[in-house]
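Coordinates in review
Below, each chain spelled out in residue letters.
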Amino acid sequence: MSALMGMVMKAATLSERVTGKVSDFGPLFEYTVKLVLLTSFLELVLYRLVSRLGMHLSKLATDHPWITPTFTALTEVGTWLLNIVAVLLFLALTLALINRWGGPKASQLSKLGSAGAALLLLLTIVFLVVQPGMLGAVVYNGLTLLVLTAFLSEYVRTHREPAQRVLAATYYLGISGWLYYQIVSTMYSLTGTIAAPPLVYESHRMGEALMVLASFFVFVAYGKSKSLSLRTRNRQQWKRAMWFWSTTGIIFSALIVADYLLEIFSPAFASAFRQASQGIGWIFQFGMGYTFYLPFAVYVAGLLCWSYTVVKLLMIGRLAGYGVGLMFIAGYALLFSNLTLMVVLGVILLTLDRVKPTVAESLPAATGSVLPATDGLVHGQA
């Protein structure tokens, strides 16, 4: 009896481990996904952000000759990385779709999303040869919306944690705000309608706010742990938690009150500070699509929550870290096809990351002798 209880307790412990780690799908898939995340991050920094920064510093280039060649070289490297990211995205998406379609428990939603993603890849190849035009843009964005709807609906169905479901719903509504803005605006331009499209600007601004809010829910859904709890009795964990929460509070509070205090003590420096923040907003607006109409501290806090969670998940090899990383590296404004494919791949990786069913859920379904049932619990697939 004691041996049986020990086996059940061991099975219960192992059943709480996550499946769908990046190493579970073979070395080709693992290293392709890792390279996609790395090169996408470098492309974001060197191409979408640094190149815009170089444009912003064009006035200083007259006094500092090194600025122009430096930023020109960085932009060329970023353009080179853009092509590498596109090739790796095609390979990673192909491997991910093969794994999802051939899975033993592929649902109808999964197959529908996989078929739509495959068609999206095909359209991307076609549009590299033939200019898509307005009608092609409407079809492409509409198909993207359908693919994201299928995958995120499956995510909500297979993930029972309320925080994870809220994350999926918030991100979906946020990115849908951008897609609705693009689809409706393009359709009105295609038909030559002079009237303003309904709710396009409202959906655009609301979508940006929801995307920022989703970056907080990333931490709530995947970033919380005992290591950041102030109630822990472990002194090292308590110090780590104090450092994290105090740094977060100081940065957030300082950014909120900095403008007010600077205006009181140094109006000239306050003006320069505002111009610098506007420049940062301008760079991110062109690089990632954020207009920074919300308080700047909100964006910084969301970035801190997102970056901490992604680093934590990557350190333990969870696919959710790669998925969430790609989803937010793509940004809000999906102006290029590679950004759209980046979001689709990120959502697919997020759906592949799940928790095995608990022993209480699995025991009623087990048949046969005790030993085979326990072995199935330990080695079963979610």
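The structure presented is a predicted model; accordingly, all values stated were derived computationally and were not measured. (Residues numbered from 1 in each chain as written. Predicted model: local features only at pLDDT ≥ 70, side-chain atom pairs only at ≥ 80, totals over all residues. Heavy atoms only, no water.)

Describing the overall build of the protein chain
This is how it is decided: A run of H or I in DSSP becomes a helix once it reaches four residues, and a run of E becomes a strand once it reaches two; helices and strands are each numbered from the N terminus. Here the term buried applies to any residue with accessible area under 20% of the maximum for its type, exposed to any over 50%, and partly exposed to those in between, with areas from a 1.4 Å probe on protein chains only. For this analysis, residues touch if any pair of their heavy atoms sits within 4.5 Å. Per-residue and other accessible areas were derived by the Shrake-Rupley procedure at a 1.4 Å probe size, with only the shown protein chains allowed to occlude residues.
Within the protein chain one finds 14 helices and two strands. Evaluated residue by residue, the protein chain yields a buried proportion of 42% over its 382 residues. For the protein chain, the share of sequence-separated contacts (at least 6 apart) that also reach a separation of at least 24 residues comes to 73%. Taken as a whole, the protein chain presents about 20400 Å² of accessible surface, with 69% of it coming from carbon and sulfur.

Remarks on the pattern of salt bridges
Counted only if it meets this: A pairing counts as a salt bridge when a side-chain nitrogen of Lys or Arg comes within 4 Å of a carboxyl oxygen of Asp or Glu.
All told, the structure shown has three salt bridges when counted by the stated rule. Between glutamate 43 and arginine 48 there is a salt bridge, with the nearest N and O atoms lying 3.2 Å from each other. Each member of the pair, glutamate 43 as well as arginine 48, is classed as buried. Between arginine 318 and aspartate 353 there is a salt bridge, with the nearest N and O atoms lying 2.6 Å from each other. Of this pair, arginine 318 sits in the loop between helix 10 (296-315) and helix 11 (319-329) while aspartate 353 sits in the loop between helix 12 (337-352) and strand 2 (354-355); the two residues are 35 residues apart in sequence, bridging distant segments of the chain. In this pair, the class of arginine 318 matches that of aspartate 353, namely buried.

Focus: the side chain of serine 110
Checked against the element boundaries, serine 110 lands in helix 4 (residues 108-129). Excluding residues within four positions of it along the chain, serine 110 makes contact with Arg100, Phe151 and Glu154.

As for unusual backbone geometry
For leucine 199, which is not a glycine, the phi torsion comes out positive at approximately 60 degrees. The residue leucine 199 is located in the loop between helix 6 (162-191) and helix 7 (200-223) in this model. Leucine 199 sits in the exposed class, given a relative accessible area of 57%.

Examining helix 11
In terms of burial, helix 11 is a largely internal element, 11 of the 11 residues being buried. Among the residues making up helix 11, those that are buried are Leu319, Ala320, Gly321, Tyr322, Gly323, Val324, Gly325, Leu326, Met327, Phe328 and Ile329. In the segment just after helix 11, glycine 331 is the residue with positive phi, at about 85 degrees.

Here we look at the confidence of the model for the protein chain
To keep it simple, the criterion reads: Known as pLDDT, the predictor's per-residue confidence is scaled from 0 to 100.
Counting all residues, the mean pLDDT for the protein chain is 77, and 69% of those residues have values of 70 or more. Low pLDDT, under 50, characterises residues 1-18; the predicted model gives this stretch 22 contacts beyond four residues in sequence or across chains. Low pLDDT, under 50, characterises residues 356-382; the stretch is placed with 32 contacts to residues that sit more than four places away or in other chains.

Details of the packing of aromatic side chains
Operational definition: Here a Phe, Tyr or Trp ring, Trp counted by its six-membered ring, pairs with any other such ring whose centre lies within 6.5 Å, and the pair is stacked when the planes are under 30 degrees apart, edge-to-face when over 60, and tilted otherwise.
Evaluation of the coordinates by the stated rule reveals nine aromatic pairs. For the pair tyrosine 290 and tyrosine 332, a centre-to-centre distance of 6.3 Å together with 15 degrees between the ring planes defines the contact as stacked. You can see tyrosine 290 sitting in the loop between helix 9 (267-288) and helix 10 and its partner tyrosine 332 sitting in the loop between helix 11 and helix 12, a full 42 residues away along the chain.

A short note on the packing of helix 7 against helix 11
For clarity, the cut-off: Lines are fitted to the C-alpha atoms to define the axes, a helix being fitted only along its stretch in contact, and any angle between axes, read from their N-to-C directions, falls within 0 to 180 degrees. Convention used here: angles under 35 degrees read as roughly parallel, angles over 145 as roughly antiparallel, angles from 65 to 115 as roughly perpendicular, and any remaining angle as oblique. Only Asp, Glu, Lys and Arg are considered charged, only Ala, Val, Leu, Ile, Met, Phe, Trp, Tyr, Cys and Pro nonpolar, and every remaining residue, Gly among them, polar.
With their axes 12 Å apart at the nearest point, helix 7 and helix 11 run at an angle of 170 degrees to one another. The angle between the axes of helix 7 and helix 11 places the two elements in the roughly antiparallel class. Residues Met211, Ala214, Ser215, Val218 and Tyr222 of helix 7 form the contact with helix 11, whose participating residues are Ala320, Val324 and Phe328. Taken together, the residues of the contact of helix 7 with helix 11 sort by class into seven nonpolar, one polar and no charged.

Concerning the environment of phenylalanine 41
In this fold, phenylalanine 41 is placed in helix 2 (residues 27-56). The spacing of phenylalanine 41 and glycine 325 is 284 residues in sequence and 8.8 Å in space, taken between C-alpha atoms.

Thoughts on the packing of helix 4 against helix 5 (residues 133-158)
Packed helix pairs are characterised by how far apart their axes lie and by the angle those axes make with each other. Rules: Rotating anticlockwise by less than a right angle from the far helix to the near helix defines a left-handed crossing, while the corresponding clockwise rotation defines a right-handed one.
The interhelical angle for the contact between helix 4 and helix 5, taken along N-to-C directions, is 155 degrees, at an axis separation of 9 Å. Classified by the angle their axes make, helix 4 and helix 5 are roughly antiparallel. Remark: the crossing between helix 4 and helix 5 carries left-handed chirality. Residues Leu109, Ser110, Gly113, Ser114, Gly116, Ala117, Leu119, Leu120, Leu123, Thr124 and Phe127 of helix 4 lie in contact with helix 5, whose contacting residues are Gly136, Val139, Tyr140, Leu143, Thr144, Val147, Ala150, Phe151, Ser153, Glu154 and Arg157.

Remarks on the side chain of serine 203
Relative to the elements of secondary structure, serine 203 occurs in helix 7. Residue serine 203 is classed as buried on the basis of its relative accessible area, which comes to 16%. Apart from the residues within four sequence positions on either side, serine 203 is in contact with Gly177, Tyr180, Tyr181 and Tyr332.

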